[in-house]
4 protein chains.
Amino acid sequence: MRAVTFQAPGEVRVEERPAPILLAADDAIVRVEASGICGSDLHLYHGRIPLEAGFILGHEFVGTITAAGPDVTDVAVGDRVLGCFVTACGRCFFCRRRDFHKCIEGRVFGHGKTLGGLQGAQAEQVLVPHANLTLRRVPPGLSTDAALFAGDVMGTGFHAVRSAEVAPGDVVVVLGLGPVGLCAVQAARAIGAGQVIAVDSVPERLAMAERFGGTPVHLTEQDPKGAVRKATSGRGADACIDAVGHPDVLDLACRLARNGGTISVTGVYSERCQVHMGLVWIKALTLKTGQANVIGHVDAVLAMMTAGLLDPTPLVSRHVPLAEAPEAYAAYARREALKIVLMP
Amino acid sequence: MRAVTFQAPGEVRVEERPAPILLAADDAIVRVEASGICGSDLHLYHGRIPLEAGFILGHEFVGTITAAGPDVTDVAVGDRVLGCFVTACGRCFFCRRRDFHKCIEGRVFGHGKTLGGLQGAQAEQVLVPHANLTLRRVPPGLSTDAALFAGDVMGTGFHAVRSAEVAPGDVVVVLGLGPVGLCAVQAARAIGAGQVIAVDSVPERLAMAERFGGTPVHLTEQDPKGAVRKATSGRGADACIDAVGHPDVLDLACRLARNGGTISVTGVYSERCQVHMGLVWIKALTLKTGQANVIGHVDAVLAMMTAGLLDPTPLVSRHVPLAEAPEAYAAYARREALKIVLMP
Amino acid sequence: MRAVTFQAPGEVRVEERPAPILLAADDAIVRVEASGICGSDLHLYHGRIPLEAGFILGHEFVGTITAAGPDVTDVAVGDRVLGCFVTACGRCFFCRRRDFHKCIEGRVFGHGKTLGGLQGAQAEQVLVPHANLTLRRVPPGLSTDAALFAGDVMGTGFHAVRSAEVAPGDVVVVLGLGPVGLCAVQAARAIGAGQVIAVDSVPERLAMAERFGGTPVHLTEQDPKGAVRKATSGRGADACIDAVGHPDVLDLACRLARNGGTISVTGVYSERCQVHMGLVWIKALTLKTGQANVIGHVDAVLAMMTAGLLDPTPLVSRHVPLAEAPEAYAAYARREALKIVLMP
Amino acid sequence: MRAVTFQAPGEVRVEERPAPILLAADDAIVRVEASGICGSDLHLYHGRIPLEAGFILGHEFVGTITAAGPDVTDVAVGDRVLGCFVTACGRCFFCRRRDFHKCIEGRVFGHGKTLGGLQGAQAEQVLVPHANLTLRRVPPGLSTDAALFAGDVMGTGFHAVRSAEVAPGDVVVVLGLGPVGLCAVQAARAIGAGQVIAVDSVPERLAMAERFGGTPVHLTEQDPKGAVRKATSGRGADACIDAVGHPDVLDLACRLARNGGTISVTGVYSERCQVHMGLVWIKALTLKTGQANVIGHVDAVLAMMTAGLLDPTPLVSRHVPLAEAPEAYAAYARREALKIVLMP
């Protein structure tokens, strides 16, 4: 089969690879019909996260099950399904607590050995471990593009909002309007946030945030602090979402939050950094962190998508054949698109 | 001042009454500009709930503060405000737990001695005890009609949804599409319910439920059980709201709920009745009951109204001068309207 | 193997039965070393719950795994384990929400066809479906008697307290001091309840409740209402536990609870009955009902037992050889014991 | 009246000061019978937190109300009461959410202008603003020493445990066994923690932790990481409490916590510091921070003290007359005592 493989920083290739075969009793194989290029693929593409040469990329996919082990019972051969970006066993301590994102067997598609050595989904076929939890049927009437987001980007945006414990009527700030931040804006609105202040410095993203129900505020040309103050009688935001993963953003989140507020740190951190713990402490903030529990949220996300309450499809900038993945990656790296969908 | 008073079952009158005066340090007086006739007023009108002759009716109001005691600090003379239907002291055991609806000094406007002897708001002026908690400023840009609902009908619909612990994506059933049930439909949707099955037998109410984002199902001419089954793969609803207050409705709610589901009993019960505790128990249901905690919810409701996420104004059937209250009550008793607003 | 079988109301027999064999990949077989007779066995014994003649009784057990299917990974052959009274698949909608007690494959040991047709544990061996969830290793140092309670009676008492949402310092009422009620008294205390008012009319049970940290109050010779009033400045209990399953008890629970309080209905209901919904509603009570989620609680219960915070062993009245089961049942039916342990 | 005043770093004095008078309608004056010296007094004593010369120290007190303004209704002249270390108005946004520790009028006794300019309680009398919330009656039978802890040190230890969301059976780590840490150990146990690993390097404190139900582990001479691993099958602690307020302690807390665990940061932070956000994020930790909500917890703490579930009195090293405050401060600064009580 053909697959998009990482070769070296800045270089991906479409090459022939052996088709996957079932390895475990709860594995499934999906014939991919659409696979997204995601912001986290760029970290691999640029070599910021090391990846073995030849490894298949991609962790967002929609397709049809063509084979399944005997323990696959929740989905079946012939089902049109979407995948979550990460797997979960359903049996460990964490899965039994619904903390599927901390599953001891959790593996991320297309991220190489360090995240479980699971080949990616930008290919004609993909092997899906723990298919009962990792896959979901595409609900009737839901578009392929929307489904592609449920198990990754929208699942993460939704998680950001839920982990921030946003209550109806709350004022929420989303810092960073990449696809995850934009999905967080929409999700916050869809569960009743009174106002969602969306901060970035890219006009197109600010415009999309507004389309998604947010109040766009340019990071430097406008006044995020003033906007929050105005929206909250000077009190500060009930919840702030760091959708970037940078100490300056976390710092700004802490400054914009009200006393007793919550910061959801959805952006990835991998190192030590300076945190103004004095500010955090005096404001009695709560910090919620970590990878999104998309498996825990995907059914709710799909229900809301089906109901029309969530619709990330405006983020899809273009659809391209799998064969054009190298150009698509290059374009994505130039930030010419919010989401590119590869069609094998 | 002129005021709408109860005289005898089926008879209200607009008569001259002495203007209220401040009695306590946290009292305020509001010059009423709009006051609603509510379903619970009908219980009084029909004599089902006894009321002293001459008592002023009405517990929904918007107006301007004309006088305030020295302890009124959260609002001020000149503020345009809306009232909650019930007062709360803010200091007792219950208020400190945010269970404002169980305040030991809770008094309901316009319901006579048994509920605190507090004269009603269908009048040119109304005395408001514990004004700091009972009143809220009308947010800029919010219509008078919308504001009128925040502290009563929408507050109650919203409470029904919140006490039912509706989560994003859930399937919710609302039984009974009076104004409270309709507001519950809209509120469930606004906080992300995946589907809201709205059951009644009055076509106009079913149509309004659909307009409010619900899936209308006629109680007898259609098949509520089938609709729930279809929406939930046969599992039953995550939450059911009894917005009527009748044992048959409660029974239906228990039948439509899934195992482990929640029933929010918002409709009023005042007596013993048969409950299928066997069914309740085997399904492991949770029943949440009681008057709505509107004071606890009113800020969220106002924020969502201001954001356009909640809009009950389509429920307002007509505006009439205070002087025409007798005709308005008669029309409302004939169910010719979902909400009538009196304009003093 | 020898096993205790139901024959007819009032008649059990120890007879030879074929040893169980593994049927499913996640089955295990346990060689039983101790098995309890429980209050719910009496319902079967007396014929109040119908059971097929010849069915093996018993749903509390401790023993050693002698065989296990290939999918049994959380425990292993040779492990000393305790069982929960009910099984759970770990994969269905309910299990994934941690509502293990509502598992669509839930089967109760020793209760005949209507509860899943799973032979009981008052036998030399017992077949355990879904062994990964249904069994737990007996922690080092924990007595067999204590372990026997973890998956049934203490699990249920603990569930009663947790589902009642008891907070530290709360005043809790437990109505009915059978083994479950007594465990609820102890569990409430162990999680910090300020006072646990324990109500029954049997002096020995009241004495045991006191030993377990409760304040014993005789149902008729003392004044439960007065005791609650005194403990709560007249306000009523924060939480009441109906550990009986009788409308009069539920009614008393509702009367003893404070406004906004919670009633945990742990006693079994199987039919319609009168409930004072007027009282429930005016007090804004929450009712939590249903079978205990012992699988969800068993790890916490074991940790607390190991820590010495929970110790139900004083409830064990006697140990008898399996062969003497008929006499043991008769004695238990005469209420001569709180817990009898059969030793195969 | 006589009072303990700060003069200069390392110097306190007992001097004559004017007796307080009522200033606001909800003020009370308490004739102090016992007042504690607390670890946070040392920060002032050493000059680490600047304080005006002549300011009266002390924020823990028990005494009798001798005067009260007209709005003081929850307590009365003649009542024996204990105080919380901080005041709360009961009316602001935060108080209405029960976030009393973030009250916009919150003032800390005996901490000088920066924390509200409220004179301290190490004196014969103390003025108590917002007496309805700041004071509580000493429950009958509760010792003065115990009562002294309810509104400060035990309230803070209890808060640490509650904000860490400790569930029954959990494994909890407390880092730093000063009085707050020790109270956290006891509180964790009293609400059902399965094991409380108590870490410090002072043998006496470790011994006290053991007496309070903890598992003492010497920070350097023993192996905290190994102890946690052993207690949790290698998984890590469910919750860790940083009762010190130092980046190294926070770092250790993050290392000892399991994936998805909670860190309660009760120790005070006032500046920027390095935090291993990479570790925090990859483990998906939750950080809860800030001053304790003692007013929110004091009723539960008192109920548990009265029930004998919490008893901090072993922490009281000695009682001394107010006149000997200078020597007492010096001794406390030499860490010769966990708690010294001054008796005016």
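Look up a bit, the structure's there.
Calculation rules
Residues numbered from 1 in each chain as written. Chains lettered and ligands numbered in written order. Predicted model: local features only at pLDDT ≥ 70, side-chain atom pairs only at ≥ 80, totals over all residues. Heavy atoms only, no water. Pairing = 2+ DSSP bridges. Helix = DSSP H or I, 4+ residues; strand = E, 2+ residues; numbered from the N terminus. Axes fitted to C-alpha atoms, helices over the stretch in contact; angles between N-to-C directions. Contact = heavy atoms within 4.5 Å. Buried area = accessible area lost by both parts, 1.4 Å probe. Salt bridge = Lys/Arg side-chain N within 4 Å of Asp/Glu carboxyl O. Polar contact = N/O pair within 3.5 Å; in protein donor to acceptor, adjacent residues only side chain to side chain. Nonpolar A, V, L, I, M, F, W, Y, C, P; charged D, E, K, R; others polar. Least-squares fit on C-alpha atoms with pLDDT ≥ 70 in both. Buried < 20%, exposed > 50% of the residue type's maximum accessible area, 1.4 Å probe, protein only. Arc of directions from axis to C-beta. 1 Å grid on protein atoms, 1.4 Å probe; cavity = no way out; pocket = protein on both sides within 12 Å on 5 of 7 lines; lining within 4 Å. Points joined across faces, edges and corners; volume = space filled by probe spheres on them. Parallel < 35°, antiparallel > 145°, perpendicular 65-115°, else oblique.

K.L.:
Looking at this structure, I do not really get the sheet that holds strand 11 (residues 237-242) of chain A. What am I missing?
P.N.:
Taken in spatial order, the 12 strands make up an open sheet running 10(A)-9(A)-8(A)-11(A)-12(A)-14(A)-14(D)-12(D)-11(D)-8(D)-9(D)-10(D), and their pairing is mixed. At either margin of the open sheet sits one strand with a lone partner, and together these are strand 10 (215-218) of chain A together with strand 10 (215-218) of chain D. Strand-to-strand twist across the sheet, computed as the mean angle between neighbouring axes with direction ignored, equals 20°. Judged from the 5 bridges that link them, strand 8 (residues 171-175) of chain D and strand 9 (residues 195-200) of chain D form a sheet pairing that is parallel. By the bridge assignment, D:Val173 is partnered in strand 9 of chain D with D:Ile197. The strands touched by helix 5 (residues 153-163) of chain A within the sheet are strand 11, strand 12 (257-265) and strand 14 (286-289) of chain A, with strand 12 of chain A carrying the most contacts at an inclination of about 150°. Across the sheet, helix 6 (residues 179-190) of chain D is in contact with strand 8, strand 9 and strand 11 (237-242) of chain D; its angle to strand 9 of chain D comes to roughly 170°.

K.L.:
Just to check I follow, could you spell out the interface of chain B and chain C for this structure?
P.N.:
Accessible area lost when the parts come together is the quantity often used to give the size of an interface. On the side of chain C, 40 residues touch chain B, which itself brings 39 residues to the contact. Each partner contributes to the roughly 3400 Å² buried at the junction of chain B and chain C, and carbon and sulfur atoms together form 58% of this total. Area buried by chain B at its contact with chain C is led by B:Arg272, B:Met277 and B:Trp281, which between them contribute 24% of it. Scanning the region where chain B abuts chain C turns up 2 salt bridges. Across the pair B:Arg272 and C:Asp251 runs a salt bridge whose closest N-O atoms are separated by 3.3 Å. Counting the contacts that link chain B with chain C gives 19 residue pairs in polar contact (both at pLDDT 80 or more). Residue assignment for the side of chain B that touches chain C shows that the elements contributing at least two residues are helix 2 (93-96), helix 9 (247-256), strand 12 (257-265), strand 13 (273-275), helix 10 (277-282) and strand 14 (286-289) of chain B. At 5 residues, the largest contribution of residues to the side of chain B that touches chain C is made by helix 10 of chain B. Tallied by class, residues from the side of chain B that touches chain C come to 15 nonpolar, 13 polar and 11 charged. Here strand 13 of chain B pairs with strand 13 (residues 273-275) of chain C via 3 bridges, running antiparallel. When the sheet's bridge partners are listed, B:Val275 is paired in strand 13 of chain C with C:Cys273.

K.L.:
Help me understand the sheet that holds strand 10 (residues 215-218) of chain C, please; the structure alone is not making it clear to me.
P.N.:
Sheet strands line up and pair through hydrogen bonds in the backbone, either parallel or antiparallel. Read from one edge to the other, the open sheet built from 12 strands follows the order 10(B)-9(B)-8(B)-11(B)-12(B)-14(B)-14(C)-12(C)-11(C)-8(C)-9(C)-10(C), with strand pairing classed as mixed. Two strands in the sheet have a free side with no partner beyond their single neighbour: strand 10 (215-218) of chain B together with strand 10 of chain C. Neighbour-to-neighbour, the strand axes of this sheet turn through a mean angle of 20°, independent of strand direction. Sheet contacts for helix 8 (residues 224-231) of chain B: strand 8 (171-175), strand 9 (195-200), strand 10 and strand 11 (237-242) of chain B; angle to strand 9 of chain B, the most-contacted strand, approximately 180°.

K.L.:
Quick question: what am I supposed to make of the interface of chain B and chain A here?
P.N.:
At the junction of the two partners, chain B supplies 16 residues and chain A supplies 16 residues. When residues of chain B are sorted by the area they lose upon contact with chain A, B:Pro168, B:Arg189 and B:Leu309 head the list and together hold 38% of the total. Our enumeration of links across chain B and chain A arrives at 4 residue pairs in polar contact (both at pLDDT 80 or more). Every element with two or more residues in the side of chain B that touches chain A is listed here: helix 5 (153-163), helix 6 (179-190) and helix 11 (294-306) of chain B. A total of 3 residues in the side of chain B that touches chain A trace back to one element, the largest contributor, which is helix 11 of chain B. In the side of chain B that touches chain A, the residues fall into 11 nonpolar, 3 polar and 2 charged.

K.L.:
Honestly, the relation of the copies chain B and chain C in this entry has me stumped. Any pointers?
P.N.:
Two copies of a chain can be linked by a rotation about an axis combined with a shift along that same axis. The two copies are related by a screw motion: chain B maps onto chain C through a turn of 180° and a shift of 0.0 Å along the axis, at an RMSD of 0.0 Å. Such a turn and shift between the copies fits a two-fold axis.

K.L.:
Just to check I follow, could you spell out helix 12 (residues 325-333) of chain A for this structure?
P.N.:
Residues and elements named next belong to chain A. Those residues of helix 12 lying buried are Ala325, Ala328, Tyr329, Ala331 and Tyr332. Taken end-on, helix 12 shows its buried residues confined to a sector of 165°, consistent with a single buried face. Just downstream of helix 12 lies arginine 335, where phi reads positive at about 60°.

K.L.:
Would you mind showing me how to read empty space enclosed by the protein here?
P.N.:
Gaps between atoms show up when a probe of the same size as a water molecule is rolled over them. Summed over all chains, the structure comprises 2 cavities of 30 Å³ or more. Within this model, the largest cavity holds a volume of roughly 60 Å³. What lines the largest cavity is simply A:Gly90, A:Cys95, A:Arg96, A:Phe100, A:Leu133, C:Gly90, C:Cys95, C:Arg96, C:Phe100 and C:Leu133. Going through the elements one at a time, helix 2 (93-96) of chain A together with helix 2 (93-96) of chain C are the ones with two or more residues in the lining of the largest cavity. Grouping the amino acids of the lining of the largest cavity by side-chain chemistry returns 6 nonpolar, 2 polar and 2 charged. If you trace the second largest cavity, you find it lined by C:Pro247, C:Leu250, C:Asp251, C:Cys254, C:Gln274, C:Val275 and C:His276. When contributions to the lining of the second largest cavity are tallied by element, the ones reaching two or more residues are helix 9 (247-256) and strand 13 of chain C. Considering every element that reaches the lining of the second largest cavity, the biggest residue donor is helix 9 of chain C, with 4 residues. Looking at the lining of the second largest cavity residue by residue, the class counts come to 4 nonpolar, 2 polar and 1 charged.

K.L.:
In this structure, what is going on with the environment of D:His297? I would like to understand it.
P.N.:
All names here are of chain D. Note that histidine 297 resides in helix 11 (residues 294-306). By relative accessible area, which is 15% here, histidine 297 ends up buried. With 112 residues separating them along the chain, histidine 297 and valine 185 place their C-alpha atoms 16 Å apart.

K.L.:
Looking at this model, I keep getting lost on the packing of helix 5 (residues 153-163) of chain C against helix 11 (residues 294-306) of chain C. Mind explaining?
P.N.:
The description of two helices packed together rests on the angle between their axes and the distance between the axes. Residues and elements named next belong to chain C. One way to put it is that helix 5 packs onto helix 11 with a least axis distance of 9 Å and a crossing angle of 105°. Compared by their axis directions, helix 5 and helix 11 come out roughly perpendicular. For the pair helix 5 and helix 11, the contacting residues are Met154, Gly155, Thr156, Phe158, His159 and Arg162 in the first and Val294, His297, Ala300, Val301, Met304 and Met305 in the second. Among the residues making up the contact of helix 5 with helix 11, the classes are represented as 7 nonpolar, 4 polar and 1 charged.

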